[in-house]
Amino acid sequence: MRLFRLGDVSRWLAAFAGVVALMVMSAWPLGANAATGLANLPAVLPAMPCASVASLDLSGVTDGTVTITSATVLPAGTVVGFSTLPSTVCDVKGTIGPGASMFELQLPTQGWTQRYLQTGCGGLCGNLSINAPMASTCVPVTNGQIAMSATDMGHEGANDGSWALSPQAKIDFAYRAEHATAQVSKAIINKFYARPARYSYFDGCSDGGREALMEAQRYPDDFDGIAAGAPANDLIVQNTFHHGWAAAVNIDPATGNYILLADKLPLIHAAVLSACGTQHGVTDGWVDNPEECHFDPAVLLCKKGQAAATCLSPAEANVVRLIHDGATDANGVHLEQPISREWGSELNWTIFIPTTAAGPSGALNFVLPFLQYLDYFNGTNTNATLGNLKFTIENFMKTIPTSSYLAATDPDLRPFESRGGKLILWHGLADQHITPLGTIQYYYRMQDVMGANQVDQFARLYLFPGVAHCGQGDGPNTFDIVSEVMAWAETGSKPGKIIASVVDSTGQITVTRPVFPFPAVARYTGSGSTSDAANFVAYTPTGNSRSNVNWFGNWLYSPGYESGCHAQATGLDCKGGNDWSSYRMFP
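Residues numbered from 1 in each chain as written. Predicted model: local features only at pLDDT ≥ 70, side-chain atom pairs only at ≥ 80, totals over all residues. Heavy atoms only, no water.

Caption draft 1: Quick peek at the overall build of the protein. From N to C terminus, the protein includes 14 helices and 19 strands. Scaling as 2.2 N^0.38, a compact globule of 587 residues should have a C-alpha radius of gyration of about 25 Å, and the protein matches this with 26 Å. The dimensions of the protein, computed from C-alpha atoms along their principal axes, are 105 × 70 × 45 Å. Each of the 587 residues in the protein was classed as buried or not, and the buried ones make up 55%. Long-range contacts, defined here as pairs at least 24 residues apart, represent 69% of the contacts in the protein between residues at least 6 apart. Of the accessible surface of the protein, which amounts to about 23100 Å², a share of 55% is contributed by carbon and sulfur atoms. (Helix = DSSP H or I, 4+ residues; strand = E, 2+ residues; numbered from the N terminus. Rg over C-alpha atoms; globule rule 2.2 N^0.38 Å. Buried < 20%, exposed > 50% of the residue type's maximum accessible area, 1.4 Å probe, protein only. Contact = heavy atoms within 4.5 Å. Areas by Shrake-Rupley, 256 points an atom, 1.4 Å probe, with all protein chains shown as cover.)

Caption draft 2: The packing of aromatic side chains, seen in detail. Evaluation of the coordinates by the stated rule reveals 22 aromatic pairs. Between Tyr-524 and Phe-536 the ring centres are 5.6 Å apart and the planes differ by 45 degrees, which places this aromatic pair in the tilted class. In this pair, Tyr-524 sits in strand β16 (residues 521-524) while Phe-536 sits in strand β17 (residues 536-539), placing the two residues 12 residues apart along the sequence. Taken as a pair, Tyr-524 and Phe-536 share a single burial class, namely buried. Ring centres of Phe-552 and Trp-555 lie 6.5 Å apart, and the angle between their planes is 85 degrees; this geometry places the pair in the edge-to-face category. Using a relative accessible area of 5% as the deciding quantity, one classes Phe-552 as buried. (Phe/Tyr/Trp six-rings, centres within 6.5 Å; stacked < 30°, edge-to-face > 60°.)

Caption draft 3: Highlighting the pattern of salt bridges. Inspection of the entire model under this criterion finds 15 salt bridges. Close ionic contact of Arg-176 with Asp-63 constitutes a salt bridge, the shortest N to O distance being 2.7 Å. Note that Arg-176 is positioned in helix α3 (residues 167-193) and Asp-63 in the loop between α1 (6-26) and β1 (66-74), a separation of 113 residues in sequence. Judged by its relative accessible area of 61%, Asp-63 is exposed. (Salt bridge = Lys/Arg side-chain N within 4 Å of Asp/Glu carboxyl O.)

Caption draft 4: Just the side chain of Lys-264, in detail. Secondary-structure assignment places Lys-264 in the loop between α5 (235-248) and α6 (265-276). Given a relative accessible area of 8%, Lys-264 falls into the buried group. For Lys-264, the side chain forms a polar contact with the main-chain oxygen of Cys-311, separated by 3.0 Å. In this structure the side chain of Lys-264 is engaged in a polar contact, spanning 3.0 Å, whose partner is the side chain of Glu-316. Non-local contacts of Lys-264, meaning those with residues more than four positions away in its chain, are made with Ala-308, Ala-309, Cys-311, Leu-312 and Glu-316. (Polar contact = N/O pair within 3.5 Å; in protein donor to acceptor, adjacent residues only side chain to side chain.)

Caption draft 5: Fine view of helix α7 (residues 314-325). Spanning 12 residues, α7 covers 16 Å between terminal C-alpha atoms, matching the ideal 16 Å at 1.5 Å per step. All buried positions along α7 are accounted for by Glu-316, Ala-317, Val-319, Val-320, Ile-323 and His-324. Each buried residue of α7 lies within a common arc of 155 degrees when the element is viewed along its axis, so the set occupies one face. On its buried side, α7 packs onto α5 and α6. Downstream of α7 by one or two residues, Gly-326 has phi in the positive range, about 95 degrees. (Expected span 1.5 Å × (residues − 1). Arc of directions from axis to C-beta.)

Caption draft 6: The sheet that holds strand β13 (residues 459-464), seen in detail. Strands sit in the order β1-β4-β5-β7-β6-β8-β9-β12-β13 across an open sheet of 9 strands; the sheet is mixed. Strands at the two margins of the open sheet, each flanked by one partner only, are β1 and β13. On average, each strand axis in the sheet is tilted by 15 degrees relative to the strand beside it, whichever way the strands run. Across 4 bridges, strand β5 (residues 101-108) lies against strand β7 (residues 147-151) in antiparallel orientation. Of the residues in β7, the one forming a bridge with Phe-103 is Thr-151. In this fold helix α12 (residues 436-450) packs onto β12 (422-428) and β13, with an angle of close to 150 degrees to the strand it touches most, β12. (Pairing = 2+ DSSP bridges. Axes fitted to C-alpha atoms, helices over the stretch in contact; angles between N-to-C directions.)

Caption draft 7: Summary view of the environment of Phe-82. The topology assignment puts Phe-82 in the loop between β2 (79-80) and β3 (83-84). When the C-alpha positions of Phe-82 and Leu-556 are compared, they lie 35 Å apart, and in sequence the two are 474 residues distant. Those residues in contact with Phe-82, other than ones at most four positions away along the chain, are Ser-129 and Asn-131.

Caption draft 8: Region of the structure containing the nonpolar core. Leu-107, Ile-188, Phe-396 and Leu-423 are the most contacted members of the largest nonpolar core, which totals 126 residues. When near neighbours in sequence (up to four residues on either side) are disregarded, Leu-423 contacts Leu-213, Ile-226, Ala-228, Leu-413, Phe-416, Met-446, Phe-458, Ala-459, Arg-460 and Trp-488. Counting 33 residues, the second-largest nonpolar core is a separate cluster that includes Ala-487, Trp-488, Ala-500 and Val-515. (Core = buried A, V, L, I, M, F, W, Y, C linked by side-chain atoms within 4.5 Å.)

Caption draft 9: A look at the pairing of strand β9 (residues 225-229). Judged by how many residues are buried, β9 sits mostly within the fold: 5 of 5 residues are covered. The two faces of β9 match: Gly-225, Ala-227 and Gly-229 on one face and Ile-226 and Ala-228 on the other face are all buried. Looking at chain direction, strand β8 (residues 199-205) and β9 are connected through 5 bridges and run parallel. Within β9, the residue paired with Gly-204 across the bridge is Ala-228. Once the chain exits β8 it traverses helix α4 (residues 207-218) before rejoining the sheet at β9, and the crossover so formed is right-handed. (Right-handed = clockwise from strand over helix to strand, strands pointing away.)

Caption draft 10: Structural detail: the confidence of the model for the protein. Mean pLDDT over the protein works out to 91, with 93% of the residues at or above the 70 mark. The low-confidence segment residues 1-29, where pLDDT is below 50, has 22 contacts with residues more than four positions distant or belonging to other chains. A low-confidence stretch, residues 582-587 stays under pLDDT 50, and its non-local contacts, those more than four residues away or across chains, total 14 contacts. (pLDDT = per-residue confidence, 0-100.)

In C-alpha cells form, the structure reads like this:
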C-alpha cells in the first residue's frame, strides 16, 4: 500500500482545483447570486460568426423543414419591434415548414449566460415580436445576457381570421408553432455557442398566456420555467360567448343602436370606487379585492330632473349588470364564468363599449374571426355576423368542439412538474379582456386533479389589483414575473411576495404594493404611507366563494381534452381528446 506524502496531497488538491475551475468555466452553476436569486452561470462567447448561422444544417430538428432567411449582427441600441436591444446580438430569422411559420432568434454576441427565453404572441398573433414586459428588472433580460426568440404563430398580415383557411395555419396557431420554435431555437443555440442553454423559459400574456399553458400541457420538456399572464386558455368560449355577450346585450333590439356609451364609463367607475375603493382602510384608486365588492348599478339610476349625463337610465344600468355578470342563456344558465368583468375594470371597457350609438363595438374584432373561420374544424361561414351567435346551450355545444385543439385548459400538469418545471400564473383583477375567474378556476382545477400540496411544489398564482389586461390600468402594473420563475427553477427559491409599482408618466415610482401568492391579499398594517409596500402584510380572506365556480362549461377544464391534428387537403384530421358529447358538470 502506498502512503501519500505531503507533496502528493498538494498536487492532488491542485489537480482538484483545476477540475473545479474547468467545471465552472464550462456550464455548471456555482451557487446563487445574492442580488438576483439566480444561479451564477459564467458567460459564454459564440463559437462561430453570426453569418455562419445561415448555413447551419437543421434537418431533423423538428417535424418540418427549417430555412434560415437571414443572420445579421444588430448593435446595442437597435430598436426591434417594441424593444431596444441592450446588447449586440446575432439576429436570426427563418421559417419552419410545412406551413408558413416564421421565427426570430436574438443571440448575444458577448456575455451570454446560458439562458434562453421564448416570448409569446398576443391576440391572433400574425407578427414577430420578441417582447418580455413582465421582466422589467430581470437582469439577464435587461443586460442583454439571454438568448430570446418569438414566432408569428404560423401566419402574417391581416388578422381577420382568413389565414385559418389553411389547415396547417390552424395547427401552427393552436399549438405547433411555439413548440417547433423552441426546438429550432435550442438547436441553433447549441451550435452557435457549442453548448446548449442551461435553462429555458417561456413568458407570455393573453394569447401568449394560452401559448404558455399549451407548452406546459402538451410539451412539458420544452421549458424549465413558464410565466403565463392573463391566459386566453379557454379561447373558443372567450372569443364567442364572452366577447359576443358584451356587444349583444348592449344593443337595443328596437333600434339597433348601442345603449351604454363610453362617456358613461368614468361615472360608473367612480361609483364603484365609492362603494368598494376603500377596502381594509386604504383608499388607493382601485378595487383591491373585487370578490368583496358588491356594487349595484341601480345606485346610479336617474332621479326626476337629474341631468342624463350624471346618471344611468334603467336600460344602461341593466347593461352594466349584464356585462359584469357574463353570458347566460334565457334560463340564466351561465355560458362562461359567472363574473365576466370584475368591478373596478370599467374605465377599460372602451375595448367593447362604443363612443356613439351607431357603434360598432370593438368586441366584434374578437368575435367575427371566430364566427367566420375558427369555430369550425373544417368549414367557414364568412358571412357570419354577431346575430349568428346564439346564447343557448345547443349553440354552446356546437361551438366548443374546436376547443379540443385550440384551448389550453387541461389542469393535469404532472409531466411538467415531474421533470422539475415551475409555473407562475398571474392576472390583473381589472382585466377588461379576459376574466380573471378563468385563471382562478384553472388553478383550483389543478389542485383538484393533482392535489394542493403537489401544485404548491411547482406553481403559484398572483392576482394584481387594479391592473388591466396584460399590465395596463391604474393599479400597480409594473412588476417582474420572469425573475421569480427563473430563481425558482435555478436555485429552488420559492416565490413569495412580488413588489408591484405604479409608475408615472415621467418614469417615477409613486406607489409600491406587495402582491402575495393566491389566495392571500395585501392588508395595510394601519401605520405609515399606504404608497409604501413595507406597510402591508399578507392576509388570507375566509369564505372564498371562487373555489367552486359553477357554469355550464366547467367540464372543459378536464384532463385529457387535447386532440392532435394533421393537415389534409380537405381540412383538419384530429384524433384523441375527450368525447364532449357526454359532458358533465363538476360540483
